[in-house]
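Listed below, chain by chain, are the residues.
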Amino acid sequence: MAVQEQDLTGKTVVVTGASSGIGAEAAATLTARGATVAVVGRSPERTAAVAAKAGAEPFIADFARFDEVRKLADQLLDRYPRIDVLANNAGGSWPKRTATDDGNELTFQVNHLSPFLLTTLLLDRLVQSQARVINTASMTYRMARLNLDTVNATSGSFNQMGAYAASKLANILFTRELARRTEGTGLVTAAFHPGAVATHVYDHAPLGLGRLIRSPLSKPFFIRPDKGSEPLVHLVTTSDEINGQYFHRFKLEPPSNRQAMDPVLAQQLWEMSERVTGSAGT
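What counts and how
- Residues numbered from 1 in each chain as written.
- Predicted model: local features only at pLDDT ≥ 70, side-chain atom pairs only at ≥ 80, totals over all residues.
- Heavy atoms only, no water.
- Pairing = 2+ DSSP bridges.
- Helix = DSSP H or I, 4+ residues; strand = E, 2+ residues; numbered from the N terminus.
- Salt bridge = Lys/Arg side-chain N within 4 Å of Asp/Glu carboxyl O.
- Buried < 20%, exposed > 50% of the residue type's maximum accessible area, 1.4 Å probe, protein only.
- pLDDT = per-residue confidence, 0-100.
- Contact = heavy atoms within 4.5 Å.
- Polar contact = N/O pair within 3.5 Å; in protein donor to acceptor, adjacent residues only side chain to side chain.
- Phe/Tyr/Trp six-rings, centres within 6.5 Å; stacked < 30°, edge-to-face > 60°.
- Axes fitted to C-alpha atoms, helices over the stretch in contact; angles between N-to-C directions.
- Parallel < 35°, antiparallel > 145°, perpendicular 65-115°, else oblique.
- Left-handed = near helix turned anticlockwise from the far one by under 90°.
- Nonpolar A, V, L, I, M, F, W, Y, C, P; charged D, E, K, R; others polar.
- Right-handed = clockwise from strand over helix to strand, strands pointing away.
- Arc of directions from axis to C-beta.

Participant: Which parts of the structure should I look at to understand the sheet that holds strand β2 (residues 36-41)?
Facilitator: Strands pair in a sheet through their backbones, by hydrogen bonds, and they do so in one of two ways: parallel or antiparallel. Within the open sheet, the 8 strands sit side by side as β3-β2-β1-β4-β5-β6-β7-β8. Their pairing is mixed. Strands with a single pairing partner mark the edges of an open sheet, and in this sheet they are β3 (57-60) and β8 (251-252). Where strand β1 (residues 12-15) and β2 come together, 4 bridges link them in parallel fashion. Directly across from Val14, in β2, lies its bridge partner Ala38.

What follows is the structure, encoded as C-alpha cells:
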C-alpha cells in the first residue's frame, strides 16, 4: 500500500465499538497515521482507556438505546466540522430474544438499526466531507435469511446465530443501498468480514465459549484483534474502487447469498429502518 494512502493527517475518523477488540486496534492505528479519532464505546472506563492510550477522544453511547445514539450524533456534529470516515463497528450477539427500551429486538437494533440511525443523522456532514462509511459485517451473512416481518420481533422463537447472521446480512444490504442513494456525491461505502477474531462479541456465547475464544487456547482458530482490524484500516485508506462492495478481509467477494444482491429488499430494509428509528427525512 502506498504511503500517501496511509497518511490521514487532517482527517477525522469516528470508530464505533471501539472500547475493545477490532475498534480499539483500528483507533490506535488510525491515530498513529495522523487522524483525529473519535473512540465510541458503551463502557465509560474501557472507552476512556482506549482513547487515552491512542491519543484520541472518547464518546459514550449504548447502541441498545436510540436516545444515546441521537445524543452521540449531536456531540459528533458539534465537535467535528468534518467527518471523513465513519466506521460502523459496534455489534454483539445475545443468546435470548430481548426487547430494547425502544421496542426492538436487541441484536437487530445494536447491529443494524443503531448504525443506520447514526449514519443517517450524520449523513449531510458525511456527504459534505465526501466521507467513507465502512461497515463491519460477517461471513455469517452467507447462511442468513432476512424476513423483514420477523427480524425485529420481540417475541417468538429465537436462534442466536440466525439473528446475528440476519443482522450482518442487513449490514451488507445497508451498504449497497447507501451507495445507491448517495451515488455521485463522493461518499464511498463498503462492508467487510474481519475474519474469525477473538473479541468480546462472543461474550454471550453458550457454555463459556466467549472466555475460551479470547484465551490463548483459541490462537490456532481465531486471529487477534490487531489482525482483525487490518481490513478496516485498509478500506479507510485504499485508493481502490470499493463503493457498495463487500470484502472477505481484503478480498472482494460477490455476495453468495441471493438476498444480499436484492435491490428491492435493500430498499425495503432502508424504508423499514427509517420507520423504526424515526429517521425519515433526517
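Participant: Help me out: how do you make sense of the pattern of salt bridges in this one?
Facilitator: A side chain of one charge can pair with a side chain of the opposite charge when the charged atoms of the two come close. By the definition in use, this model includes 10 salt bridges. The partner of Arg181 in a salt bridge is Glu177, and the shortest N-O contact between them spans 2.7 Å. Residue Arg181 and its partner Glu177 are located together in helix α6 (residues 160-181), separated by 4 residues, close to a single helical turn. For Arg181, a relative accessible area of 36% puts it in the partly exposed group. Of the residues examined, Glu177 reaches a relative accessible area of 2% and is grouped as buried. Taken together, the salt bridges that share partners define one network made up of Arg65, Asp67, Glu68 and Asp101.

Participant: Can you walk me through the confidence of the model for the protein chain in this structure?
Facilitator: When pLDDT is low, close inspection of the predicted coordinates is not appropriate. Residue-level pLDDT values for the protein chain average 90, and 87% of them are 70 or greater. Confidence drops under a pLDDT of 50 for residues 1-5, and excluding neighbours within four residues, the segment shows 6 contacts in the predicted structure. Considering only residues more than four positions removed or in separate chains, one finds that residues 217-222, a stretch of pLDDT under 50, has 12 contacts.

Participant: Help me out: how do you make sense of the environment of Glu25 in this one?
Facilitator: With respect to the helices, strands and loops of the structure, Glu25 is situated in helix α2 (residues 21-32). As a C-alpha pair, Glu25 and Val50 span 25 residues in sequence and 8.9 Å in three-dimensional space. For Glu25, the residues in contact, after removing those within four places along its chain, are Pro225, Asp226 and Ser229.

Participant: What am I meant to see in the environment of Asp7 here?
Facilitator: Turning to its location among the elements, Asp7 is positioned in the loop between α1 (3-6) and β1. Look at Asp7 and you get partly exposed, because its relative accessible area is 47%. Separated by 230 residues in the primary sequence, Asp7 and Thr237 place their C-alpha atoms 8.0 Å from one another. At 2.9 Å, the side chain of Asp7 and the side chain of Thr9 are in polar contact.

Participant: Explain the packing of aromatic side chains to me, please; I cannot follow it from the model alone.
Facilitator: Here the distance between the centres and the angle between the planes together describe a pair of aromatic rings. All chains considered together, the criterion is met by 5 aromatic pairs. Both rings, one in Phe116 and one in Trp270, keep their centres 5.0 Å apart while their planes meet at 80°; by these two values the pair is edge-to-face. Of this pair, Phe116 sits in helix α5 (residues 106-128) while Trp270 is found in helix α10 (residues 263-277), placing the two residues 154 residues apart along the sequence. Of the two residues, Phe116 and Trp270, both sit in the buried class. Through a chain of ring-to-ring contacts, three or more aromatic side chains come together here, namely Phe116, Phe174 and Trp270.

Participant: Looking at this model, I keep getting lost on the packing of α5 against α6. Mind explaining?
Facilitator: Between two packed helices, the angle of one axis relative to the other and the distance separating the axes together describe the packing. In the contact formed by α5 and α6, the axes pass within 7 Å of each other and the chain directions differ by 20°. For the element pair α5 / α6, the angle class is roughly parallel. At the point where α5 passes α6, the crossing takes the right-handed sense. Across the interface between the two elements, Thr107, Phe108, Asn111, His112, Phe116, Thr119 and Leu123 from α5 touch Ala163, Tyr164, Ser167, Lys168, Ala170, Asn171, Phe174 and Leu178 from α6. In the contact of α5 with α6, the residues fall into 8 nonpolar, 6 polar and 1 charged.

Participant: I tried to follow the pairing of strand β7 (residues 245-248) on my own but got confused; where do I start?
Facilitator: Regular strands place side chains that alternate from one sheet face to the opposite one. Sheet analysis places strand β6 (residues 188-193) next to β7, joined by 4 bridges and oriented parallel. Paired with Ala191 across the strands is Tyr246, a residue of β7. In this sheet, β8 lies alongside β7 in antiparallel orientation, the contact comprising 2 bridges. The partner of Phe247 across the bridge, within β8, is Leu252. Connecting β7 to the next strand, β8, in antiparallel fashion are 2 residues, including Arg249 with a positive phi near 55°.

Participant: Would you mind going over the pairing of β3 with me for this structure?
Facilitator: Taken together, the 4 bridges between β2 and β3 define a ladder with parallel strand orientation. For Ala38, the partnering residue across the bridge sits in β3 and is Glu57. In terms of handedness, the path from β2 via helix α3 (residues 44-54) over to β3 forms a crossover that is right-handed.

Participant: Please clarify how α3 should be interpreted in this entry.
Facilitator: Among the residues of α3, Thr47, Val50, Ala51 and Ala54 are the ones counted as buried. The arc enclosing the buried residues of α3, seen along the axis, measures out at 95°, which places them on a common side. Facing away from the buried side of α3 by more than 90 degrees, the exposed set consists of Glu45, Ala52 and Lys53. Taken together, the buried residues of α3 touch α2, β2 and β3.

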